[in-house]
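As a plain string of letters, each chain reads:
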Amino acid sequence: MPLFASHSLSVTDLTRYLRQLLESDDVLRDVWVQGEISNISRPSSGHIYFTLKDEAAALKCVIWRTNALRLRLPLQNGMAIEAHGYISLYERDGAYQLYVDAARLAGEGMLYQEFMRLKARLEAEGLFDPERKRPLPARPQRIGIATSATGAALQDMLNTLRRRYPLAEVLLAPCAVQGDDAPLEIVAALGALNRSGVDVILLARGGGSLEDLWAFNDERVVRSVVESAAPVVTGVGHETDFTLSDFAADLRAPTPTGAAVLATPDKADLTVELNRTLRQLDSAFLEGVSLRYRALNETLGLLERNSPRWRVSNDRQRLDALGERLQRNMLHNLALRRVMTDSARSRLLALNPLAVLRRGFAVVSRAGEIVRSVAQLTPGTDVQVRLANGSFGARVETLSPDSPANFDPGE
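How each quantity is defined
Residues numbered from 1 in each chain as written. Predicted model: local features only at pLDDT ≥ 70, side-chain atom pairs only at ≥ 80, totals over all residues. Heavy atoms only, no water. Helix = DSSP H or I, 4+ residues; strand = E, 2+ residues; numbered from the N terminus. Rg over C-alpha atoms; globule rule 2.2 N^0.38 Å. Buried < 20%, exposed > 50% of the residue type's maximum accessible area, 1.4 Å probe, protein only. Contact = heavy atoms within 4.5 Å. Areas by Shrake-Rupley, 256 points an atom, 1.4 Å probe, with all protein chains shown as cover. Lys, Arg positive; Asp, Glu negative; His and termini not counted. Charge placed at Lys NZ, Arg CZ, Asp CG, Glu CD. Core = buried A, V, L, I, M, F, W, Y, C linked by side-chain atoms within 4.5 Å. Pairing = 2+ DSSP bridges. Axes fitted to C-alpha atoms, helices over the stretch in contact; angles between N-to-C directions.

### Section: the overall build of the protein chain
Here is step 1: For the protein chain, the count of helices and strands is 12 helices and 14 strands.
Here is step 2: Taken over the C-alpha trace, the protein chain has a radius of gyration of 67 Å; the compact-globule value for 411 residues is 22 Å, which it surpasses by more than 25%.
Here is step 3: Along the longest, intermediate and shortest principal axes, the C-alpha atoms of the protein chain span 235 × 50 × 40 Å.
Here is step 4: Residues counted as buried form 32% of the 411 residues belonging to the protein chain.
Here is step 5: For the protein chain, the share of sequence-separated contacts (at least 6 apart) that also reach a separation of at least 24 residues comes to 60%.
Here is step 6: Accessible surface, the protein chain: about 26600 Å² in total, of which carbon and sulfur atoms supply 56%.
Here is step 7: If you average the places of the 49 positive and of the 50 negative side-chain charges in the protein chain, the two averages end up 16 Å apart.

### Notes on the nonpolar core
Where a protein is soluble and globular, its nonpolar side chains tend to be buried together.
Here is step 1: In terms of nonpolar packing, the biggest core is built from 31 residues, with Ile186 and Val225 touching the most fellow members.
Here is step 2: Take this core: its biggest share by element is 5 residues, from helix α6 (residues 182-195).
Here is step 3: If near-sequence neighbours (up to four positions away) are discounted, Ile186 is found in contact with Cys175, Ala176, Leu203, Ala215, Phe216 and Val221.
Here is step 4: Of all hydrophobic cores here, the second largest spans 21 residues; its members include Val33, Ile48, Met79 and Ile81.

### Notes on the sheet that holds strand β4 (residues 80-90)
Here is step 1: Pairing is mixed around the closed barrel formed by 5 strands, whose spatial order is β1-β2-β3-β5-β4. Between one strand and the next, the sheet's axes are offset by a mean angle of 55°, whatever the strand orientation.
Here is step 2: The pairing of strand β1 (residues 31-41) with strand β2 (residues 48-53) spans 4 bridges and is classified as antiparallel. Across the sheet, residue Ser41 finds its bridge partner in β2, namely Tyr49.
Here is step 3: Packed on one face of the sheet, helix α1 (residues 11-24) meets β4 and β5 (95-105) and runs near 135° to β4.

Structure, rendered in structure tokens:
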């Protein structure tokens, strides 16, 4: 042993050196530590201090305020947990401690490994393929809910459905959502809702630990979701919670309320769409009426042109025109014949024997025969003399061929 020792380290230097050694170790920078919580403390700073212990040792732990706000597990004394973080040295006290950034109940590590193993196997079967996801109905008439009848998740979904889409009929298939009996009850609830003919199914529950949500990772539940006749919307836990049922569902919502929102249209949007449809209907109706009115007028005109009444009226007009033409022709013919009659009358009057007699001539007849020559008479013959205004009888006394009595007006 040397007489004079090498340069000694201060407590600070040694402590800092040990801290650097701890923080540079790959295992200690990312470690899960299992133990039971004791001496938990929550000062006003928002940090959480506690000790993890088992039968043989204890480890001081710190959760800074930013990590404590994200922690969903309510830590309590006596709780068996698995804490994740890194090991470092608190230089003031010279004590090493675990700086925690996440925590879960003891045993969740094994559950998570089982979760990943089952997820890989079901994914290899194609149960999570996006191609098999079905679209949700735009306006579901019957909405099925599979969840606990006493949980807050049910009331949240019912309030959302009542506010957004009160037109739909809601059917509840109550089932356990946690515990050993939950998987079979969930499968039975999905089957009952499918037999009732719902349009979409909401499978939901509130938040919890991985162990609380484990029923939704059960293979039987996952296969029931895949085989559901109606599309399934899952709303299991909180936004950061993922279950195998979420991967198998047609649509995954971050919360139960979100599932109700995704499965239904908003009545405000429906009102806008309804008003737009009514305006389109009014426009189409008025346009249809206008088209039919024009078609009706065209048909009426065609019918009027081909109507027997129109033909009768047209023929009556033609008949009136023909009657007027006939009357004009008849009057013309009558006038023409009147002129011809007057002309013939004038000619007849000119040739009338009475007209000759009125000029001083006389007609002599014997035994009804007109005497044209004195050769027809002998003295003592009785004759009849016709004048213009009468006649008388006479007897021939003497005959003289040269006398004017022998003059023949017809010669």
